[in-house]
Amino acid sequence: MTELSTIYKLSLVTFICFIKACSSSSSCPVLECWFVQEKTGRGGGLTGATSQEKSLLHIRTDAHSHTAKSQQAPSDINPDRVYSITDPAATLCHLSLNPPRGSVEKPQCEINPFSPQPSDLKWVAPLTDSGLSPIYLEADWFSTSLQGLNKQVAISTIMRAPTATKEHNVILSVTSNTVSVQSRLGEPVLLDCGFWVDSSSPLSGSGFAVEWRYQFRGDGRLVLAYDGKTDRLADAKEKGATLDFEGLHEKGNASLILQEAEVRHSGMYICSVYLPHIVAQVTLELEVVEPPSVSIYPSPLPLAVQGQTLTAQCEASGFAPLSLELSWEFQGIDGKSRPLGSGSVTGHRQAWDGTYSQSSQLELDTTKLDLGRGGEVICVAVHLGGKRQASVTLNVIGFSTPSIEDSMGMVGVALVLYGLIKFVSWTFTSSGSDVAGQQEKLVKDQKLRGFKMVMF
Ligand SMILES: *[C@@H]1O[C@H](CO)[C@@H](O)[C@H](O)[C@H]1NC(C)=O
């Protein structure tokens, strides 16, 4: 009986070890990271230059579990830059931060020294009302920012280690699962951002603030700011932008909701989460992509006569972003398509809603382009949002002005007729002058008729 219980205990221990191994060391990565800090100059001041060193972060979810420390740190990494990080929320154990061994692509990771300080921002200041800095802040603080493979996730954390221990704990992490978002015009957009706070930290429980900023080519604006301590939104809120306040307070869901995507919404968004004295932020990109509507004028095309040149205009409108390729094609009655070039493309115009339009004019020379009896004239617009096209039917009718062969034939007929008349008149003139007078009249009539025939 005792033997059985020993076996039972042993297997239970093995099982627990196995579970632990799975949950901590195997799914949480050892991250290669750049340790970046500002260089201090000779006088002790900052020179503005930065230094960059390779570092290694061993991640675990539980301070008591052992990380795979036995793994030898690569020789090019300074042992002082090898850190142990405890991340109870397992944010840093995201799959996209743990690529298969030997994979060429690596997640991006940077770690920097961080100094906690109160913020003057109106929506953050209430968090540090008392003006006191807890002793808790006197420690080694670091911030990390990471991006997973294929932009699957962006994570930023603030970590604290009791001075000179190198045993860091994640205190605040901010995560986005929508690093790069595309949206059609007019659709609702969700820019994901969530945060986690270590509830055992003295910084938790005294409120938080969330700020969303927009940044595009040096142009920045505040989209929304929320003071979670006093439950107040900043006045400078953008129209149609909101948060899920319930989700924010209950689950740290700080996602920004834009009710209707507009062209001017395209750009970078920074989600910042503030706790008293500390802040972490992630950056997301939104691109509003709308393919063009394409039409051809005039439609239908007028009937073309062989040899004539028609002008067709293709108008692509309502698209964003700006880049567009316009081209023309011709599909004959036999069903075969061939390119007709890009025509003469005009500059773009921008509409009130920020979308662009552009047009191309095509000269359809029915003889030079060898269009036969006609077919479909197609305008193709290639855009990031997809390929769009429009077509019109071209009908080319035969001749109205006579061809060279026809003219030659008519001249021939006239000559023969003229000869015939000459002959007849000569015969009659020689037979009698009286009759000749009448005959002459007849010949004149015939000549006239002959002319008429030529005319036809
Ligand atoms: C966050 O809130 C938004 C809006 O309510 C919701 O669509 C999204 O699924 C939430 N995200 C999480 C992780 O709960």
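This one's a predicted model, so the numbers in the text were calculated from it and none came from an experiment.

Conventions used here
Residues numbered from 1 in each chain as written. Predicted model: local features only at pLDDT ≥ 70, side-chain atom pairs only at ≥ 80, totals over all residues. Heavy atoms only, no water. Pairing = 2+ DSSP bridges. Helix = DSSP H or I, 4+ residues; strand = E, 2+ residues; numbered from the N terminus. Phe/Tyr/Trp six-rings, centres within 6.5 Å; stacked < 30°, edge-to-face > 60°. Buried < 20%, exposed > 50% of the residue type's maximum accessible area, 1.4 Å probe, protein only. Lys NZ or Arg CZ within 6 Å of the ring centre and 35° of its normal. Axes fitted to C-alpha atoms, helices over the stretch in contact; angles between N-to-C directions. Near = heavy atom within 4 Å. Polar contact = N/O pair within 3.5 Å; in protein donor to acceptor, adjacent residues only side chain to side chain. Areas by Shrake-Rupley, 256 points an atom, 1.4 Å probe, with all protein chains shown as cover. Nonpolar A, V, L, I, M, F, W, Y, C, P; charged D, E, K, R; others polar.

(A) Representation of the sheet that holds strand β26 (residues 374-383) within the structure. One open sheet holds the five strands; their spatial order is β19-β27-β26-β21-β22, and the pairing between them is mixed. In this open sheet, the two strands that pair with only one neighbour each are β19 (304-305) and β22 (337-341). Direction of pairing for β19 relative to strand β27 (residues 386-397): parallel, over a ladder of two bridges. Within β27, the position partnered with A304 by the bridge is V396.

(B) Here's a closer look at the packing of aromatic side chains. Summed over the entire model, instances satisfying the criterion amount to eight aromatic pairs. Centroid distance F195 to F208: 5.2 Å. Interplanar angle 50°. Geometry classified as tilted. On the criterion of sequence distance, the pair formed by F195 in strand β10 (residues 194-197) and F208 in the loop between β10 and β11 (209-216) is long-range, its members being 13 residues apart. One exposure class covers both F195 and F208, and it is buried. Site record: aromatic cluster; members linked through ring pairs are F35, Y83 and F142. Directly above the ring of Y136 sits R160, whose terminal nitrogen or CZ lies 4.2 Å from the centroid. Positioned over the ring face of Y214 is R221, at 4.1 Å from the centre of the ring.

(C) Looking closely at the sheet that holds strand β14 (residues 241-243). If you trace the three strands from one edge of the open sheet to the other, you get β9-β15-β14, paired in antiparallel fashion. At either end of the open sheet lies a strand with only one pairing partner, and these are β9 (189-191) and β14. Direction aside, neighbouring strands of the sheet carry axes that sit 25° apart on average. Of the strand pairs in this sheet, β9 and strand β15 (residues 256-258) are connected by three bridges, and their pairing is antiparallel. Following the sheet pairing, L191 is matched in β15 by L256.

(D) Examining the site of the ligand more closely. Taken together, the neighbourhood of the ligand is formed by L190, D244, K251, N253, S255 and I257. For the ligand, an oxygen atom lies 3.0 Å from a polar atom in the side chain of D244. Within the side chain of N253, a nitrogen or oxygen atom sits 2.3 Å from an oxygen atom of the ligand. Here the ligand has 360 Å² of accessible area as a free molecule, and 49% of this is covered by the chains. Its residues assigned to classes, the shell around the ligand comprises two nonpolar, two polar and two charged.

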